[in-house]
Amino acid sequence: MILSYFVPVVLVVMLFAASIRILPEYKRGVVFFLGRYQKVKGPGMVIVIPGVQKMEVVDLRVITMDVPEQDVISQDNVTVKVNAVLYFRVVDPERAIIQVENFTQATSQLAQTTLRSVLGKHDLDEMLSERDKLNDDIQEIIDTQTEAWGIKVANVEIKHVDLDESMIRAIARQAEAERERRAKVIHAEGELQASKKLVEAANVMQENSAALQLRYLQTMSDMSNKNASTIVFPLPMDIMEAFKDMKAKHQASAPDNQQNGA
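What you see is a predicted model; the values in this text were computed from it and never measured. (Residues numbered from 1 in each chain as written. Predicted model: local features only at pLDDT ≥ 70, side-chain atom pairs only at ≥ 80, totals over all residues. Heavy atoms only, no water.)

A. Main features of the side chain of Arg28. Position of Arg28 among the secondary structure elements: in strand β2 (residues 27-33). The buried charged residue Arg28 lacks any salt bridge, with Glu25 as its nearest oppositely charged partner at 4.3 Å. Only 2.8 Å separates the side chain of Arg28 from the backbone oxygen of Glu25, close enough to count as a polar contact. Those residues in contact with Arg28 that sit more than four places away from it in its chain are Leu23, Val40, Lys41, Gly42, Pro43, Glu56, Val57, Val58, Leu60 and Pro93. (Helix = DSSP H or I, 4+ residues; strand = E, 2+ residues; numbered from the N terminus. Buried < 20%, exposed > 50% of the residue type's maximum accessible area, 1.4 Å probe, protein only. Lys, Arg positive; Asp, Glu negative; His and termini not counted. Salt bridge = Lys/Arg side-chain N within 4 Å of Asp/Glu carboxyl O. Polar contact = N/O pair within 3.5 Å; in protein donor to acceptor, adjacent residues only side chain to side chain. Contact = heavy atoms within 4.5 Å.)

B. A look at the packing of aromatic side chains. By the definition in use, this model includes 1 aromatic pair. Here the aromatic rings of Phe32 and Tyr37 are separated by 6.3 Å at their centres, their planes lie at 75 degrees, and the arrangement is edge-to-face. When its relative accessible area of 16% is taken as the criterion, Phe32 is described as buried. Residue classification places Tyr37 among the partly exposed residues on the basis of a relative accessible area of 33%. Positioned above the aromatic ring of Tyr26, the side-chain terminus of Arg61 is 3.8 Å from the ring centre. (Phe/Tyr/Trp six-rings, centres within 6.5 Å; stacked < 30°, edge-to-face > 60°. Lys NZ or Arg CZ within 6 Å of the ring centre and 35° of its normal.)

C. Structural detail: the sheet that holds strand β6 (residues 63-73). Spatial ordering of the open sheet is given by β6-β7-β8, a layout of 3 strands whose pairing is antiparallel. This sheet does not close on itself; its edge strands, each paired only once, are β6 and β8 (151-162). Averaged over all adjacent pairs, the angle separating strand axes in this sheet is 25 degrees, with direction ignored. Where strand β7 (residues 79-90) and β8 come together, 10 bridges link them in antiparallel fashion. Paired with Leu86 across the strands is Val156, a residue of β8. The strands touched by helix α3 (residues 103-119) within the sheet are β6, β7 and β8, with β6 carrying the most contacts at an inclination of about 35 degrees. In this fold helix α5 (residues 131-146) packs onto β7 and β8, with an angle of close to 140 degrees to the strand it touches most, β8. (Pairing = 2+ DSSP bridges. Axes fitted to C-alpha atoms, helices over the stretch in contact; angles between N-to-C directions.)

D. Spotlight on the nonpolar core. Val80, Val82, Leu86, Leu115, Leu119, Ile142 and Ile158 are the most contacted members of the largest nonpolar core, which has 34 residues in total. Contributing elements (two or more residues each) for this core: β2, β6, β7, α3, α4 (124-129), α5 and β8. Among the elements that take part in this core, α3 stands out by supplying 7 residues, more than any other. Ignoring sequence-local partners within four residues, the contact set of Leu115 consists of Val67, Gln70, Val82, Ala84, Ile138 and Ile158. Ranked by size, the runner-up nonpolar core spans 5 residues in total, among them Leu23, Val31, Val46 and Met55. (Core = buried A, V, L, I, M, F, W, Y, C linked by side-chain atoms within 4.5 Å.)

As structure tokens, then:
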């Protein structure tokens, strides 16, 4: 008699224990009643009647997904291998379960195709120098298409852009040529500035004989310091002026002599 009461009680206890689910704060349960969507439950204790109700558990935390390496042909016909990392989370558990069979796999496939499509519209230089812009473009496209699945794409980051050896050597040669060009431009600009300063100095010396005399003395000082065995005899600048005057007078009298001879 006692055994006949004990068995049903044990069965009820086991059925009740099997009906209890504990969901943590970061998970939700999508409950179906006889195959039809009922509601989203959790967190905390959730009772699901076995055989009548079924619950699919969804994690609401940010999921980090590696996008496998993709072969991409850039707009300038360069083949590169690109991989990325995708950060997304479920914001609507109901749509994530009902609207798509496997939202993780679907998001991964969408990320791969979007990565190839977006990068194929850009040149190699843009892939290497404008990663932030490309990341934003990819993230916006994926986020727009996964919105119907109840998924929010937080960020997309391109990790590696792998090139073959020949392309690496070509880029190295290009960078070296660019550095040489910049060095020549800087050198030419320096020469131009120096020539302008020399012209200004020459004009000052021409207008002021004292400045020319100081420059003359400075040059003699430099020569004596560099060559200790060299003997320098300074020549006054007045003598140079006298020679200039004599030359000018000679040139002026030369036409008169030629006329008298004629």
